[in-house]
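Examining the three-dimensional arrangement
Below are the chains, spelled out letter by letter.
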Amino acid sequence: EEIAFNEFYDRVEGCISELPRQCQVIFRLSREEGLRYREIAERLQISVKTVETQMGRALKVLRERVPENRLVA
C-alpha cells in the first residue's frame, strides 16, 4: 500500500512539475499552503480571475493524467 501511494504521489508531483511555472506556483500556494485565491492574487500581484483560471487549468491537467479514483481535487 505504501508503494502504491509513493507511485501515486510521484505521478502527481510529475504532473505538477510539468505545468507552466505560474500555474504550478498558484497550484502549490493553494493546495500546499492553503491560501485562498484572493491571498494568492495579492501575494503574486495578479487578479483573482487569473488565479481562478490557472487553478482550473492545473486541475484539468491532473484530472486527465491521474486516475479519477485516486485524485481528490
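The coordinates are above.
Residues numbered from 1 in each chain as written. Predicted model: local features only at pLDDT ≥ 70, side-chain atom pairs only at ≥ 80, totals over all residues. Heavy atoms only, no water.

1. Looking at the pattern of salt bridges
To keep things clear, this is the line we draw: For this document, the term salt bridge refers to a Lys or Arg side-chain nitrogen within 4 Å of an Asp or Glu carboxyl oxygen. Per the convention used, a helix needs a DSSP run of H or I reaching at least four residues, while a strand needs a run of E reaching at least two, with both numbered from the N terminus. Buried residues are those whose accessible area, probed at 1.4 Å on protein chains only, stays under 20% of the maximum for their type, while exposed residues exceed 50% and partly exposed ones sit between those limits.
All told, the structure shown has five salt bridges when counted by the stated rule. For arginine 28, the salt bridge goes to glutamate 13, with nearest N and O atoms at 3.1 Å. Here arginine 28 is found in helix H2 (residues 21-31), whereas its partner glutamate 13 is found in helix H1 (residues 2-17), with 15 residues between them in sequence. For the salt bridge of glutamate 52 with lysine 49, the shortest nitrogen-to-oxygen distance reads 4.0 Å. Separated by three residues within a single helix, glutamate 52 and lysine 49 lie in helix H4 (residues 48-65), roughly one turn from each other. In this structure glutamate 52 comes out as partly exposed when scored by relative accessible area, which is 37%. A relative accessible area of 56% means that lysine 49 is categorised as exposed. Through salt bridges with shared partners, one network takes in Glu13, Arg28 and Glu32.

2. A closer look at the nonpolar core
Note the cut-off: Nine residue types can take part in a nonpolar core, namely buried Ala, Val, Leu, Ile, Met, Phe, Trp, Tyr and Cys, and a core is a set of them joined through side-chain atoms within 4.5 Å.
With 19 residues, the main nonpolar core has Phe27 and Leu62 as its most contacted residues. Of all the secondary structure elements, the ones that give two or more residues to this core are H1, H2, helix H3 (37-44) and H4. Ranked by residue count, the leading element in this core is H4, at six residues.

So far we have only geometry, and geometry alone does not tell us how the molecule works.
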